[in-house]
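Listed below are the residues making up each chain.
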Amino acid sequence: MPRPLPDDLLQVPHRRDVPFSRLTTLGVGGVCRWLFEPRTELEAQAFVRACAREGLPWRVLGGGSNLVVLGDLQVPVLRLAFPKEIRLEGRQLTAPASHGHIALAEAAAAAGLSGLEFASGIPGSLGGAIRMNAGAYGREWIDVLVRYRFLSPEGDLVEKAPQPGEFSYRWSFLSGGHVVLSATADLVEGDPARIRAQVAEYREKRGTSQPLSKRNAGCIFKNPPGQSAGRLIDSAGLKGLRLGDAEVSPEHANFLVNHGRATAQEFADLMDQVRSRVLEVHGVTLEPEVEIWRE
Ligand code: EPU
């Protein structure tokens, strides 16, 4: 029997029994028994403090664009529901972590600010993008990030500038129990027409090389240093490998797609098969970029 949650935790806005298929872009997964959706930093802090005090494990969910959940989850899940306010001070743009990542890149472009064009095709939330130092086309968040606010695993509020060692390729220290609250990007003034053209070019490139019309979770594996996971999977002959409705995309081998009725288990099994085959054929162990959660 799971133990009852403390009263102060239950004061934080929450919903019960939300299917992860509605919370993730792959559209699969079990049921989220407790989904906490704080509307303010204070509510988020109350959540983390209560969990830390009780020694309760918990998880943080962003836009669900990089996630597969196996089975139901009883542990409290935190998903920020802050108002989507963007603050512009000169060339610095600050947004709450729950802001949509693509919408943020579009807002920067509309304001004539350059620097976030790379982000214009990366789905998910700003918080998730900061936490994994998301990037594309040779640019990543750490190139523009000047300040960020987060909660420590104990619930302390910290605001700081990034320091060496805190962010690297598709990684940040924020992975272990921290909650990103907001981030500030330092951008440059640019010609709005050129920024729009760059965004359109990136979109076009992604649209032709990635299976964006199907449910997907972006790239499944990180690129090993100096190599391309997509090319390794492709040349191992795995495009089109399918388990039920889960398939290694014939368009881009580092994407798995859901043809409609795939299950989380099928995606996890397909990832295992791809990893072992690439190890056999190329001697390279792929590291997942997508997270797999299980209770
Ligand atoms: N390739 C193949 N077969 C494939 C896919 C790719 O041979 O099925 C080859 C391509 O021809 C190219 C090379 O692999 O020579 C690299 O492919 P691509 O340009 O598509 O870039 P990528 O390294 O696969 C990375 C990011 C993407 C990002 C693109 C564009 C990672 C893991 N992936 O992909 O990010 O959109 O560059 O900048 O870093 C993500 O992180 O979720 C993601 C999709």
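Thresholds, definitions, all that
- Every chain's residues receive numbers from 1 upward, in the order its sequence appears when written.
- Note on the predicted model: pLDDT of at least 70 is required for a residue's local features to be given, and 80 or more for side-chain atom pairs to be given and counted; whole-chain, interface and lining totals, by contrast, use all residues.
- To get the side-chain values, all heavy atoms of the structure are used, and hydrogens and water are removed first.
- By the criteria applied, helices consist of DSSP H or I runs no shorter than four residues and strands consist of E runs no shorter than two, each listed in order from the N terminus.
- Here the expected span of a helix is defined as 1.5 Å times the quantity of residues minus one.
- Think of it in three bands: with a 1.4 Å probe and only protein chains considered, a residue is buried below 20% of the maximum accessible area for its type, exposed above 50%, and partly exposed in between.
- The arc in question is the one spanned by the directions pointing from the helix axis to the C-beta atoms.
- Every residue pair with non-hydrogen atoms within 4.5 Å of one another is taken to be in contact.
- For salt bridges, the criterion is a side-chain nitrogen of Lys or Arg within 4 Å of an Asp or Glu carboxyl oxygen.
- Only heavy atoms are used to decide nearness, and a residue is near a molecule or strand if one of them lies within 4 Å of it.
- Any N or O atom pair separated by 3.5 Å or less is treated as a polar contact, with the protein-specific requirement of one donor-capable and one acceptor-capable atom, and with residues adjacent in sequence counted only for side-chain atom pairs.
- Using the Shrake-Rupley algorithm and a 1.4 Å probe, accessible areas are obtained, with residue cover drawn only from the displayed protein chains.
- Classes in brief: Ala, Val, Leu, Ile, Met, Phe, Trp, Tyr, Cys and Pro nonpolar; Asp, Glu, Lys and Arg charged; the others, Gly included, polar.
- Each domain's extent was defined by an automatic or database domain assignment.
- The criterion for an aromatic pair is that two Phe, Tyr or Trp rings (for Trp, the six-membered ring) have centres within 6.5 Å, with stacked assigned to planes under 30 degrees apart, edge-to-face to planes over 60 apart and tilted to the rest.

1. Topic: helix α5 (residues 192-209)
1) Next: Compared with the 26 Å implied by 1.5 Å per residue over 18 residues, the 26 Å span of α5 between its first and last C-alpha is a close match.
2) Next: What α5 keeps buried is the set I195, V199, Y202 and R206. Down the axis of α5, the buried set is contained in an arc of 65°. They therefore lie on one face. Summarising the geometry of α5, the exposed residues directed more than 90 degrees from the buried face are R194, R196, E204 and T208.
3) Next: Looking at the buried residues of α5, the elements they touch are α3 (101-110), β8 (113-114) and β9 (135-136).

2. Quick look at unusual backbone geometry
1) Next: Unusually for a residue other than glycine, D17 sits at a positive phi of about 55°.
2) Next: Inspection of the secondary structure puts D17 in strand β1 (residues 14-19).

3. Digging into the pattern of salt bridges
1) Next: In total, this model carries 22 salt bridges according to the counting rule given.
2) Next: With a closest N to O distance of 2.9 Å, E37 and R15 form a salt bridge. Pair noted here: E37 is in the loop between β2 (31-36) and α2 (41-54) and R15 is in strand β1, with a separation of 22 residues, a long-range link.
3) Next: When its relative accessible area of 14% is taken as the criterion, E37 is described as buried.
4) Next: Among the ionic pairs, R87 bridges to E89, the shortest N-O distance being 3.6 Å.
5) Next: Residue R87 is classed as partly exposed on the basis of its relative accessible area, which comes to 47%.

4. Overview of the site of the ligand
1) Next: Residues in contact with the ligand amount to 20 residues; listed here are only the nearest, Y137, Y169, C219, N223 and R231.
2) Next: Note that an oxygen atom of the ligand is positioned 3.1 Å from one of the side-chain N or O atoms of Q210.
3) Next: Within the contact set of the ligand, a nitrogen atom lies 2.8 Å away from a side-chain nitrogen or oxygen of D234.
4) Next: Burial of the ligand by the protein chains amounts to 74% of its free accessible area of 820 Å².
5) Next: Considering each element in turn, the shell around the ligand owes the most residues, 3 residues, to helix α6 (residues 229-235).
6) Next: Here the shell around the ligand is composed, by residue class, of 7 nonpolar, 7 polar and 6 charged.
7) Next: When residues of the shell around the ligand are assigned to domains, at least three fall in each of domain 2 (87-208) and domain 3 (211-282).

5. Details of the packing of aromatic side chains
1) Next: Taken as a whole and judged by the stated rule, the model has 9 aromatic pairs.
2) Next: Both rings, one in F20 and one in W293, keep their centres 6.4 Å apart while their planes meet at 90°; by these two values the pair is edge-to-face. Linking F20 in the loop between β1 and β2 with W293 in strand β21 (residues 291-294), this pair joins segments that are 273 residues apart in sequence.
3) Next: Overall, the relative accessible area of 4% leaves W293 in the buried class.

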